[in-house]
Amino acid sequence: VSATGAAVHGVGVVRRGTAAAAEAPSKPFSRPLLVPKTAVPVHQSSTTDYYDMAIREASALILPGFRTWIFGYDGLFPGPTVRASVGRRVVIRQRNRLRRNVVVHLHGGLVAPEYDGHPADIIPPGYYRDYVYPNRQPSATLWYHDHSHRGEAEMVFYGLAGFYLLEDPWERGLNLPAGRYDIPLMLRDAHFDKRGQLVFAMDDRRRDTLLVNGRPQPFLDVYARRYRLRLLNGSNQRNFTLRLSDGAPMTVIASDGGLLPAPLRVAGVTLSPAERVDVVVDFGRYEPGTRVVLLNTAGTNGVTRNVMRFHVGRRVSDSSRVPDRLGQGFDLGSATVVRDVNLHMDPRSGQFFIDGRAFDMKRVDMKIRRGETEIWRVHNRDRLPETMHNLHLHGTHFQVLDRNGGPVAGHETGRKDTVAVPVGGHVRIKVRYDRHLGRYLYHCHLLDHSSMGMMAQAEIVG
Ligand code: C2O
Ligand code: CU
C-alpha cells in the first residue's frame with residue numbers, strides 16, 4: 001500500500017466459491033481504491049516503447065470473499081495502464097490467449113486504419129498482432145478496449161479495458177498535480193450473480209453494482225492538497241453525473257481529446273459511456289479527517305448514488321496549481337458539407353441502426369474527403385426514456401456545436417471523440433479527418449447498441 005492508500009492491482013489468495021458465498025455483501029467504502037498497475041515496456045529504442053500483453057482469462061478480487069472470472073489484458077481487471085509520451089511511438093504486441101477472436105482499439109487515439117482495431121482485423125486465438133500508435137496528438141486520457149465484431153459489449157463487460165495516458169513533457173511545465181496525485185478512475189456498472197460472477201446479457205438492466213477501477217465503492221486516502229482525477233465512464237450503457245457530496249466545485253481541465261484552453265469550475269459533470277474528463281479537486285479546502293463522497297446523481301434507478309469516498313488526511317505542501325491558460329483552442333474552421341446521421345432502434349426486432357441500417361463491415365456508409373470540414377447533425381430518433389445514445393468517431397476528434405439548438409456543457413467545448421445524443425434530440429458536431437485515408441468506424445458507444453448493429457463506417461478519400 002502506497003502512502004496515498006492506493007494499493008497496486010494484483011491477484012492475491014482468497015478462498016474459492018461456495019464457502020466464501022456466505023459472506024456479507026460488501027460494505028461501501030470498506031476497501032481501498034486500486035490504481036491499475038502501469039505497463040512496463042519490454043524494449044525501448046530511441047523512438048519507440050514496445051509492450052507485450054497477453055489477453056487472457058484470469059480471476060480478480062472484485063467482491064469481498066469471491067474470486068471472479070474475468071477477461072483481462074495481462075489478466076488484470078482493469079488492464080494495465082499504458083503511459084505514453086507525445087511524439088514517442090508505442091507498439092503493443094497483443095497476444096490472444098482466449099478461445100475467441102479479439103480486436104483491440106485505442107479509443108481517442110489518432111491511429112492509421114490498419115492499427116485502429118477494425119472488427120475485420122481480428123486476432124484469432126493463439127495469434128498476436130502488433131498495434132502501432134504514433135502519439136502525434138495532444139496529451140489526453142485515452143483508453144484501450146476490445147472491439148471484436150458483435151462482441152465488444154460482452155468483452156468489455158468482462159474486463160477488456162484499460163487506461164492509456166498520453167503525456168506531454170510540455171504539460172509538466174504547467175505544474176498540474178502529477179505523479180501519485182494524478183489518479184485515473186474507471187467508473188462502470190456490472191451485474192454479479194450470487195456466487196460473485198459477472199453475468200453478461202445484452203441490454204441488461206440489472207447492472208446494479210458500481211465499480212471504480214474494478215472494485216465496488218472503494219475509499220481513497222488523500223492528503224489535504226490538490227489532486228488530478230481522470231474520470232472515465234467505462235460502463236456499457238450507464239450515464240454518470242458526478243459531484244462531490246458537500247457540493248464543492250471541481251475544476252475541469254481536460255476532456256476526451258486533451259486539455260481545455262482554460263479551466264472550468266463546475267458543480268458536477270455528466271459523462272455518457274466512453275467520455276472522459278480530467279478534474280482537479282482541492283482537498284486542501286477540508287479539515288484533515290473529513291470524508292467526501294463522489295456521488296452519481298444521474299438517473300440511478302434505485303442503484304446507489306455512492307461511487308467512492310475520499311478520506312482526507314494531513315496537510316502537505318502543495319506546489320501544484322491550475323493555471324488560467326491550459327491547452328490550445330480547437331477550431332475546425334468553416335464547413336462545406338452538412339450531413340444527417342440518424343440513430344434508431346427498432347423495438348420489434350431489437351436491432352439497432354444508423355441511418356436505417358445495421359452494421360455491415362463490407363459496406364462503406366459514407367465517403368468523406370480528407371481535410372474537408374463537415375457539420376454532422378446527429379439525431380436520436382428514439383423517444384423511449386431508456387434509449388439514450390451517443391456517437392463516437394474513430395480516426396479524428398470533433399467539435400460539439402450545440403445540443404437541441406442550445407449550448408453544451410463547458411467541458412464539451414474541447415476536443416471530443418464521443419458525444420451524448422439525448423432521447424428524441426440532436427447534437428451538431430463539426431468533423432474533419434486530417435490524417436489517414438481508409439476506413440474508420442463511427443458508432444453509438446452504448447456498447448450493447450453498437451454490438452447489436454448501431455455502427456457504421458466512413459471511408460476517408462483523397
Ligand atoms: Cu471506444 Cu469504437 O470505441
Ligand atoms: Cu445507442
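So, how was this worked out
Residues numbered from 1 in each chain as written. Chains lettered and ligands numbered in written order. Predicted model: local features only at pLDDT ≥ 70, side-chain atom pairs only at ≥ 80, totals over all residues. Heavy atoms only, no water. Helix = DSSP H or I, 4+ residues; strand = E, 2+ residues; numbered from the N terminus. Rg over C-alpha atoms; globule rule 2.2 N^0.38 Å. Buried < 20%, exposed > 50% of the residue type's maximum accessible area, 1.4 Å probe, protein only. Domains from an automatic or database assignment. Contact = heavy atoms within 4.5 Å. Buried area = accessible area lost by both parts, 1.4 Å probe. Polar contact = N/O pair within 3.5 Å; in protein donor to acceptor, adjacent residues only side chain to side chain. Nonpolar A, V, L, I, M, F, W, Y, C, P; charged D, E, K, R; others polar. Donors = N, O, S within 2.8 Å, 3.2 Å for Na, K, Ca; no water. Phe/Tyr/Trp six-rings, centres within 6.5 Å; stacked < 30°, edge-to-face > 60°. Lys NZ or Arg CZ within 6 Å of the ring centre and 35° of its normal. Pairing = 2+ DSSP bridges. Core = buried A, V, L, I, M, F, W, Y, C linked by side-chain atoms within 4.5 Å. pLDDT = per-residue confidence, 0-100. Axes fitted to C-alpha atoms, helices over the stretch in contact; angles between N-to-C directions.

### Side note on the overall build of the protein chain
Stage number 1. Along its length, the protein chain carries four helices and 33 strands.
Stage number 2. Relative to the globule expectation of 23 Å for 462 residues, the C-alpha radius of gyration of the protein chain, 21 Å, shows essentially globular dimensions.
Stage number 3. With respect to the three principal axes, the spread of C-alpha positions in the protein chain is 55 × 50 × 50 Å.
Stage number 4. Taken over 462 residues, the protein chain has a buried fraction of 60%.

### Regarding the domain arrangement of the protein chain
Stage number 1. Per the domain assignment, the segments making up the protein chain are domain 1 (7–172), domain 2 (179–315) and domain 3 (337–461).
Stage number 2. Inter-centroid distance (C-alpha atoms) of domain 1 to domain 3 is 25 Å.
Stage number 3. Taken together, the 23 residues of domain 1 in the interface contact 26 residues of domain 3.
Stage number 4. Between domain 1 and domain 3 the total buried area reaches about 2,100 Å² when both faces are included, carbon and sulfur atoms providing 60% of it.
Stage number 5. Its largest share of buried area at the contact with domain 3, domain 1 owes to Leu110, His118 and Arg150, together 25% of the area lost on that side.
Stage number 6. Between the two partners, domain 1 and domain 3, sit 17 residue pairs in polar contact (both at pLDDT 80 or more).
Stage number 7. The biggest single contributor to the side of domain 1 that touches domain 3 is helix α2 (residues 152–157), with three residues.
Stage number 8. Looking at side-chain class alone, the side of domain 1 that touches domain 3 contains 10 nonpolar, nine polar and four charged residues.

### A look at the coordination of the copper ion (ligand 2)
Stage number 1. Donor atoms from the polypeptide that coordinate the copper ion (ligand 2) comprise His389 (ND1), Cys444 (SG) and His449 (ND1), at 2.0 to 2.2 Å from the metal.
Stage number 2. Mapped onto the polypeptide sequence, the residues donating to the copper ion (ligand 2) form the spacing pattern H-x54-C-x4-H. With His389 in strand β28 (residues 389–393) and Cys444 in the loop between β32 (438–443) and α4 (447–451), the pair connects residues that are 55 residues apart, well separated along the chain.

### Overview of the packing of aromatic side chains
Stage number 1. Going through the model one piece at a time under the given rule, you end up with 12 aromatic pairs.
Stage number 2. Taken together, a centroid distance of 6.3 Å and an interplanar angle of 20° make the contact between Tyr433 and Tyr440 stacked. In terms of burial, Tyr433 and Tyr440 fall into one category: buried.
Stage number 3. Members of the aromatic cluster, each reached through a chain of ring pairs, are Tyr181, Tyr227, Phe283, Tyr286 and Phe310.
Stage number 4. Sitting above the plane of the Phe157 ring, Arg188 keeps its charged end 5.1 Å from the centroid.

### A short note on the pairing of strand β16 (residues 226–233)
Stage number 1. Counting buried residues in β16 gives seven out of eight residues, a clear majority hidden from the surface.
Stage number 2. Alignment of strand β12 (residues 182–190) against β16, held across six bridges, turns out to be parallel. By the bridge assignment for β16, Asp182 is matched with Arg228.
Stage number 3. For β16 and strand β21 (residues 276–282), the ladder comprises seven bridges, and the chain directions are antiparallel. The residue bridging Leu229 from the neighbouring strand is Val279, located in β21.

### Notes on the nonpolar core
Stage number 1. Within the largest apolar cluster, 49 residues are counted, with the highest numbers of intra-cluster contacts made by Tyr133 and Tyr164.
Stage number 2. Summarising the domain contributions, this core has at least three residues from each of domain 1 (7–172) and domain 2 (179–315).
Stage number 3. Discounting chain neighbours no more than four positions away, the residues touching Tyr133 are Arg88, Arg89, Val90, Ile92, Val104, Leu106, Val111, Tyr115 and Tyr164.
Stage number 4. The next biggest cluster of nonpolar side chains, apart from the first, holds 37 residues, and it includes Tyr223, Ala224, Ala248 and Phe310.

### Some thoughts on the confidence of the model for the protein chain
In low-pLDDT regions, the fine details of the predicted coordinates are not to be read closely.
Stage number 1. Confidence in the prediction for the protein chain averages 93 pLDDT; 94% of positions are at 70 or higher.
Stage number 2. Contacts from residues 1–24, a stretch scored under 50 in pLDDT, to residues over four places away or in other chains number 50 contacts.

### Section: the environment of His149
Stage number 1. By the secondary structure assignment, His149 is in the loop between β10 (140–146) and α2.
Stage number 2. Exposure remark for His149: the relative accessible area of 35% places this residue in the partly exposed category.
Stage number 3. Leave out the neighbours within four places in its chain, and His149 touches Pro119, Phe359 and Met361.

### Focus on the sheet that holds strand β17 (residues 240–244)
Stage number 1. In space, the five strands of this open sheet follow the order β15-β23-β22-β17-β20, with mixed pairing throughout. Each edge of the open sheet carries a strand with a single partner, namely β15 (219–224) and β20 (268–271). Averaged over all adjacent pairs, the angle separating strand axes in this sheet is 25°, with direction ignored.
Stage number 2. With five bridges connecting them, strand β22 (residues 291–296) and strand β23 (residues 306–315) associate as antiparallel partners.

### Focus: the side chain of Thr251
Stage number 1. Counting through the fold element by element, Thr251 comes out in strand β18 (residues 250–255).
Stage number 2. On the basis of relative accessible area, Thr251 is assigned to the buried category, the value being 15%.
Stage number 3. Once residues within four sequence positions are removed from consideration, Thr251 is found in contact with Pro263, Leu264, Arg265, Asp278, Val279, Val280 and Val322.

### What about the side chain of Arg230?
Stage number 1. Turning to its location among the elements, Arg230 is positioned in strand β16.
Stage number 2. A polar side-chain atom of Arg230 sits 2.8 Å from a polar atom in the side chain of Thr141.
Stage number 3. If we ignore the near neighbours within four places in the chain, the residues touching Arg230 are Ala140, Thr141, Phe163, Leu165, Glu167, Asp182, Ile183, Pro184, Leu185, Val277 and Asp278.

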